[in-house]
Amino acid sequence: MIISPSPTTPPLQSPKLRIQNHSSIDPSKQSKPSSDQLLISRLISKSQDLSSVSISSMASSSSSVHNKSYLYDVFLSFSGVDTRKTFVDHLYVALDQYGIRTFKDDERLEKGERISDELLQSIEDSRCYIIIFSKNYASSSWCLNELLKIMECHKTGERTAFPVFYDVEPSEVRKQTGAVGDALAIHRNMNESEVGRWREALKEAANLSGWDVRKTTNGHEAQVIKSIVEKVSLKLWPIDSNVDENLVGMEQRMQALDPYLEIGLNDVRMVGIKGMGGTGKTTLARTIFDKQFVNFEGRSFVENVRETTTRSGLQKLQKQVLRDVLKDKNITVSSVHEGTKLMKTRLRGKKVLLVLDDVDQREQLEALAGNPNWFKLGSRIIITTRDGQVLEAHRVNLIHDVNLLSNEEAICLFSRHAFGKDIPTQEYERRSRKVVSYAVGLPLTIKVLGSDLRGKDDSVWTYTLERLKTIPLKETIQILELSYKNLEDDYKEIFLDVACFLKGWKKEDAIRMLESCGFDAKYGLSVLEQKSLIVTLKGRYDAVIDMHDHLVEMGKNIVRREHPDEPNKHSRLWIEEEIEHAMADNSGSEATKCIDLNITRGIYLKGFGNMKKLRCLIVNHGKHKVSHDLVNHLWYFFGKFWKHDKGRRYFPNSLQYLYWSIYPHWCLPKTFEANNLVALEMSYSKIKQLWEGEKVMEKLKFLNLSYAEELGSLDLGLTPNLERLHLECCYKLVALDVHGGCLKSLVYLNLTECKCLKSISFIEQMESLEVLDLSWLHLREFPDYIIIGHSSSSLLELNLSYNEDIEEVPSSVGNLYKLVSLNLTRCSNLKSLPGSICSLQHLTTLKLGYTRIEELPEDLGQLECLEYLYLSRTKVKHLPGSICMLRHLETLDLSGCLRLEKLPEDVGQLESLEKLDLQHCRNLREIPNSICKLKCLKQLRLGGCKRVEKLPDELGNLKCLQYLEVWGTGITQLPQSIYSVKGLKINKPHDELL
């Protein structure tokens, strides 16, 4: 049975909506994964960067560098003696198959061992906790200390704990009787205060909503585990059922589909959504999927069926559906025939919501949804297509034609993009309606035309209307192409690059690639975005470039239409068969500018010799499931490949951007002059050195050899004009040869975890350095040569986090007068800061969390640009009064400062403060009245401040306040004024708080 929470239990808090990307790991939060885990996670991440990615509207939000991100979705707390090889093992596998990143500590020795800092950090880095209570759980001080930390995190309201009662009763845990009482009695000789805290944590955890295994589903563990996984997944990825208000007319279109879908009836339905490109079919299907998938046992949204079938085959899509629905990421499909058999037999037990987007062949439907009897009663299969005949041939009887926008809806959408409001400016109303009439109700066309005319004068409007008159109605591609033709030549090139292969890339990576090829990328992309030709999606960590498939089709058509049957004459190649054709007989030509190759089989790259204008070459393995076996196989294959064709010139000297993940050779080929190369990215390569011999690359500005595990040394004299150097996790790197004044142009250097480096004193010579990352290097002291070499430099960001032996910061740090960010997090032996740090007038971010600092410099208020101050878990007792002078401070994090006794009386002078985190400041006694002056404050966190008993009466003056946390405090009554704050969410201990 499912246990309901006790009335006195703090209510579970809904997490903030965030994009969930299970392959992305925040390196600043990592404890210490193995090198194997790091390799796999980084490969997955990079393969996603260089392939088309989709970010669901169900979980979109803008990201901030200060938002909390989690390394793990779930942390498992359990007694290994009782459950490691049984229930916990099965639960871990189920969570993993569902795609939930789960921490399970298999290395620990629970008895007699002090819980490690790394494990505590893993708890902090987890979003949810599953506590498996068993007979021996309370006998382990390790488990009990884990529980203390878990409950501490749970009370913040941002994270959630779920108890599972495996072979004990909930009441035994709550009251510490029976087997639990016997287990806890083992600690009778320990400190009474400590045991008291354990007892309270056990009671609190037992009052939470969870599962009693013996009384849930008649004790069937498999069903209990299924219930746990489903509930946790909903907690991790909640669904907002509201329709995006920016989608004009979407609510009505969803209602029009209700009679076709009739979700809830016990039958299997295939429903077709038909319409030409750009009518909003995918958006409609996605909105329905996001709103309804919670009502199904399995679900899968298969995007771009037409495109993916062409590039990767139907078996890839079959594998996606099987993995999504069955929640088993280990499923493999070797052929379409095998995939069809698997889908017939394994999907019958699931009520499924399946969306097949952009289908154009009957064979696709036969392979992915061959017959209604493949699915359990209640299932719904939604198919979007431009071709109604495909639906009829597959006997889909329920077909809905997407309604184009009405005149009023079209005017509303056009006006939003042309004028920034729902109706046109009066003087342009007639012409706006005329423009809209040519778009014939197509949302994409209306959006592009509106964006193209925004801010333009009468002459441009007149010219556009004259051009539109010459284009037949419904010739959508031609209408869209007007915006392309109006672009300057460089922006046309950027548009085609995005359409052919940059869609789905991180924006930062796309900018680097385009700049390497000589384009003004940042401005060019902004021009395309202003014209609605691209959009920037906010991912969990990075912005991603996206483009509507109608515009992608237009761009690819522009590239191919002049020579449709001669790919060797195309400016861009991205289809493997066409690349193979262009290279098989050395028929490459000067027309080819860019190649994007996803290797899925052996290709002999023979045609480069004639591609004398090739500027961009991308070779990656994003279509494979990443594993060590794959990496080894690829290294083996390419090793043979190079030996077989050793004398060939593989890389044209015209190349400006070269990306090759898992590059198999130990150096670059002799025949590659690299005279024009600007960016070289070869992460996870077998490279030991750049060249056999010496060859200077004068134009190289960007070099990424991260995770090159064979790299022992690097002669940077060969790259004298380098600006960015990524060498993180080159574990065998011993020396960097820096001589002759090279690297004077270097602005970015990342040496994270290059622990074998014998010396980094060469940093003193890098006079242009702006960003320096020396985290995880086990440095014994703050490197003086950073300051000596940059006393008058432009160093902006310095990261020395996780160098635990650093005990002091030299007073000369004040000479880094341009510093913007200083990160000393987890320098756990650091005890003080010099007063000279207050002279860093440009500093915006200062991170000192988890250090031993007891006092801050008195003149801290002189850091007039400071926006983010992180002091979590420090030993600070008092804040200097001058801190109130920080007029631009937006975030002040004092969470876990156990010795903090009071805040400055004038804290209300922090006029820009948006977040004040005081969680677990257990010695803090009162909140100053001046806090009511913080007009920008959005979050006030007081959870666990046991001695705070009262809030200021005028707290209701904080009209921007969105979140107030008062659990675990001595507060028994909130000030009446607080209830006048609209939209305020209050996290309080129980409903009795008034």
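Owing to the predicted nature of the structure, the values given are computational and were not obtained by experimental measurement.

Student: Any chance you could explain the environment of R159 here in plain terms?
Tutor: Position of R159 relative to the elements: it lies in the loop between α5 (141-154) and β5 (160-165). On the basis of relative accessible area, R159 is assigned to the buried category, the value being 11%. For the pair formed by R159 and S126, sequence separation is 33 residues and the distance between their alpha carbons is 7.8 Å. Here E124 takes part through its backbone oxygen, which lies 2.6 Å from a polar atom of the side chain of R159.

Student: For this particular structure, what's the right way to read the sheet that holds strand β10 (residues 380-385)?
Tutor: Within a sheet, each strand pairs with its neighbour through backbone hydrogen bonds, oriented either parallel or antiparallel. The five strands are arranged β8-β9-β10-β7-β11 in an open sheet whose pairing can be described as parallel. Since the sheet does not close on itself, it has two edges, and those belong to β8 (298-302) and β11 (398-401), each with one partner. Going from strand to strand, the sheet's axes swing by 15 degrees on average, the running direction of each strand aside. The sheet contact formed by β8 and strand β9 (residues 352-359) spans five bridges and is parallel. Paired with R299 across the two strands is L353, which belongs to β9. Strands in contact with helix α12 (residues 305-312) are β8 and β9; relative to β9, the strand with the most contacts, it is inclined by about 75 degrees.

Student: Please explain the pairing of strand β16 (residues 616-620) as it appears in this structure.
Tutor: Look at any regular strand and the pattern is simple: side chains alternate between the two faces of the sheet. Within β16, five of the five residues are buried, which leaves the element mostly enclosed by the surrounding structure. Neither face of β16 is exposed, since C616, I618 and N620 on one face and L617 and V619 on the opposite face are all buried. In the sheet, strand β15 (residues 594-598) pairs with β16 via five bridges, with the strands oriented parallel. Across the sheet, C594 pairs through a bridge with C616, a residue of β16. Pairing geometry for β16 and strand β17 (residues 657-660), over four bridges, is parallel. Bridge pairing in β17 places C616 opposite Y657.

Student: What is the right way to look at the environment of G693 in this model?
Tutor: The residue G693 is located in the loop between β18 (679-681) and β19 (702-704) in this model. Spatially, the C-alpha atoms of G693 and C667 are 9.9 Å apart, while their sequence positions differ by 26 residues.

Student: So what exactly am I meant to see when it comes to unusual backbone geometry here?
Tutor: For residues that are not glycine, phi is negative in most cases, and the peptide bond is trans in most cases. Phi is positive for R826, close to 65 degrees, though the residue is something other than glycine. Position of R826 among the secondary structure elements: in the loop between β26 (821-823) and β27 (845-847). For R826, a relative accessible area of 14% translates into the label buried. Its identity as a non-glycine residue notwithstanding, Y850 has a phi of 65 degrees, on the positive side. Locating Y850 in the fold gives a position in the loop between β27 and β28 (868-870). Look at Y850 and you get buried, because its relative accessible area is 16%.

Student: Help me understand the side chain of S77 in this model?
Tutor: Position of S77 relative to the elements: it lies in strand β2 (residues 72-77). Once residues within four sequence positions are removed from consideration, S77 is found in contact with I130, I131, I132, Y137, C143, E146 and I150.

Student: Explain the pattern of salt bridges here, please?
Tutor: Where side chains of opposite charge bring their charged atoms close, a pairing between them can arise. As enumerated under the stated definition, the model contains 44 salt bridges in all. When the shortest N-O distance is used, the salt bridge between R572 and D497 registers 2.6 Å. Remark: D497 occurs in helix α22 (residues 489-502) and R572 occurs in strand β14 (residues 572-573); sequence separation between them is 75 residues. By relative accessible area, which is 0% here, D497 ends up buried. In this structure, the salt-bridge partner of K732 is E710, at a minimum N-O distance of 3.7 Å.

Student: What is the right way to look at the packing of α22 against helix α23 (residues 507-516) in this model?
Tutor: When two helices pack together, their arrangement is given by the angle between the helix axes and the distance between those axes. The interhelical angle for the contact between α22 and α23, taken along N-to-C directions, is 130 degrees, at an axis separation of 12 Å. Between α22 and α23, the angle is such that the two are oblique. Crossing handedness for the pair α22 and α23: right-handed. Taking contact as the criterion, the partners of I494, D497, F501 and L502 in α22 are, on α23, A510, M513 and L514. Residue classes in the contact of α22 with α23 are distributed as six nonpolar, no polar and one charged.

Student: Hey, could you run me through the packing of aromatic side chains in this one?
Tutor: Here a ring pair, both rings aromatic, is described through the centre-centre distance and the interplanar angle of the planes. According to the stated counting rule, one finds 24 aromatic pairs in the structure shown. When the ring of F162 is compared with that of W211, the centres are 5.8 Å apart and the planes differ by 50 degrees; the resulting orientation is tilted. With F162 in strand β5 and W211 in strand β6 (residues 210-212), the pair connects residues that are 49 residues apart, well separated along the chain. Taking relative accessible area as the criterion, F162 reaches 1% and is therefore assigned buried. Judged by its relative accessible area of 0%, W211 falls in the buried class. Taken together, the ring pairs in this structure connect F651, W660, Y663, F672 and W691 into an aromatic cluster.

Student: Where do I start with the environment of K877 in this structure?
Tutor: Among the structural elements, K877 can be located in the loop between β28 and β29 (891-893). Separated by 24 residues in sequence, K877 and I853 have C-alpha atoms that sit 9.8 Å apart. Excluding anything up to four places from it in sequence, K877 contacts E854, R899, L900, E901 and K902.

Student: Just to check I follow, could you spell out the confidence of the model for the protein chain for this structure?
Tutor: Note: predicted coordinates in regions of low pLDDT should not be interpreted at a detailed level. Looking at the protein chain as a whole, the pLDDT averages 82, with 84% of positions reaching at least 70. Contacts for the low-pLDDT stretch residues 239-243, under 50 throughout, to residues beyond four places or in other chains number nine contacts. Contacts of residues 622-649 to residues separated by more than four positions or lying in other chains number 53 contacts, the stretch itself having pLDDT below 50.

Student: Would you mind showing me how to read the packing of helix α4 (residues 117-124) against α5 here?
Tutor: Interaxial distance between α4 and α5 falls to 10 Å at its minimum, and their mutual angle equals 35 degrees. The element α4 and its partner α5 pack so that their crossing is right-handed. For the pair formed by α4 and α5, the contact residues are L119, L120, I123 and E124 on the first element and W142, E146, K149, I150 and C153 on the second. A per-class count over the contact of α4 with α5 returns six nonpolar, no polar and three charged.

Conventions we followed
- Residues numbered from 1 in each chain as written.
- Predicted model: local features only at pLDDT ≥ 70, side-chain atom pairs only at ≥ 80, totals over all residues.
- Heavy atoms only, no water.
- Helix = DSSP H or I, 4+ residues; strand = E, 2+ residues; numbered from the N terminus.
- Buried < 20%, exposed > 50% of the residue type's maximum accessible area, 1.4 Å probe, protein only.
- Polar contact = N/O pair within 3.5 Å; in protein donor to acceptor, adjacent residues only side chain to side chain.
- Pairing = 2+ DSSP bridges.
- Axes fitted to C-alpha atoms, helices over the stretch in contact; angles between N-to-C directions.
- Contact = heavy atoms within 4.5 Å.
- Salt bridge = Lys/Arg side-chain N within 4 Å of Asp/Glu carboxyl O.
- Parallel < 35°, antiparallel > 145°, perpendicular 65-115°, else oblique.
- Left-handed = near helix turned anticlockwise from the far one by under 90°.
- Nonpolar A, V, L, I, M, F, W, Y, C, P; charged D, E, K, R; others polar.
- Phe/Tyr/Trp six-rings, centres within 6.5 Å; stacked < 30°, edge-to-face > 60°.
- pLDDT = per-residue confidence, 0-100.

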